[in-house]
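One letter stands for each residue in the lines below.
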Amino acid sequence: MDGADHGQLRTQAVGFVFFSLMLRRAPNMQRLIFNRDPPAMNQLPHFSSADTSLDFSIKKQSITAEQKSFLIQIAMLLGIPAASHEELVAPMAITGPSGLDCRLHLLDGHCFVFPEIVLPLSVNELMGPEVGQLLEIQRMLLTEFGWYLGVSAEGLLQLSSIAWIDEVHEIVKTLDLMNGIGIMAIQQLLDSAKATH
């Protein structure tokens, strides 16, 4: 192994340690994210115009009166008009605080959702060492949060919760935290790609 390879391995190792430490600090980050002023949240652009804003592989479902009330509560916490509550449910997407597209999958007939974040990174762009790093990030996300990295219908990476969530404040916190962690994961993968090319 020459000096350049050793340097790349060291850079990747430092990146893994940094990402791991950031994941462990996530509860603190969660508090920081939610200590912002409500008007600032209301000023965020929520509806996405990106190509990932609609996943047509997901069937639109009918919403019960109880689910409507549930979605209105979530919309209000996100600063979205109550009348737009159906826009929260996949296949539609909203833009999160980090600019990532977010979807909520609604359990048919129940007030449970699992959040999903679409990362603006194509699976086809990853090769070589980045694939190994992607698997390491996947392991950390699964272990620390119960989230997994998958592939969206658009061929982009997506971060999804394994658990169905029924508490509106927890849903909003999870979406916000997923946005922050998703940005960190993208940065880690991009930094790894730069180091190896």
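Just so you know, these numbers come straight off a predicted model, no measurement behind them.

The rules we used
- Residues numbered from 1 in each chain as written.
- Predicted model: local features only at pLDDT ≥ 70, side-chain atom pairs only at ≥ 80, totals over all residues.
- Heavy atoms only, no water.
- Helix = DSSP H or I, 4+ residues; strand = E, 2+ residues; numbered from the N terminus.
- Buried < 20%, exposed > 50% of the residue type's maximum accessible area, 1.4 Å probe, protein only.
- Phe/Tyr/Trp six-rings, centres within 6.5 Å; stacked < 30°, edge-to-face > 60°.

Participant: What is the right way to look at the environment of Leu 190 in this model?
Facilitator: Within the secondary structure, Leu 190 is located in helix H6 (residues 168–196). We classify Leu 190 as partly exposed; its relative accessible area is 36%. Note: C-alpha distance between Leu 190 and Leu 121 (69 residues apart in sequence) is 9.2 Å.

Participant: Sorry if this is basic, but what is going on with the packing of aromatic side chains here?
Facilitator: How two aromatic rings sit relative to each other is set out by the distance from centre to centre and by the angle between their planes. Counting across every chain of the model gives two aromatic pairs. For the pair Phe 114 and Trp 164, a centre-to-centre distance of 5.0 Å together with 85° between the ring planes defines the contact as edge-to-face. In this pair, Phe 114 is assigned in strand S3 (residues 113–122) and Trp 164 in the loop between strand S5 (156–161) and H6, connecting sequence segments 50 residues apart. Accessibility expressed as a relative area gives 16% for Phe 114, which makes it buried. For Trp 164, a relative accessible area of 37% gives the class partly exposed. Their ring planes at 15° and their centres at 4.4 Å tell us that Phe 145 and Trp 147 sit as a pair that is stacked.

Shape is all these values report; function is a separate question.
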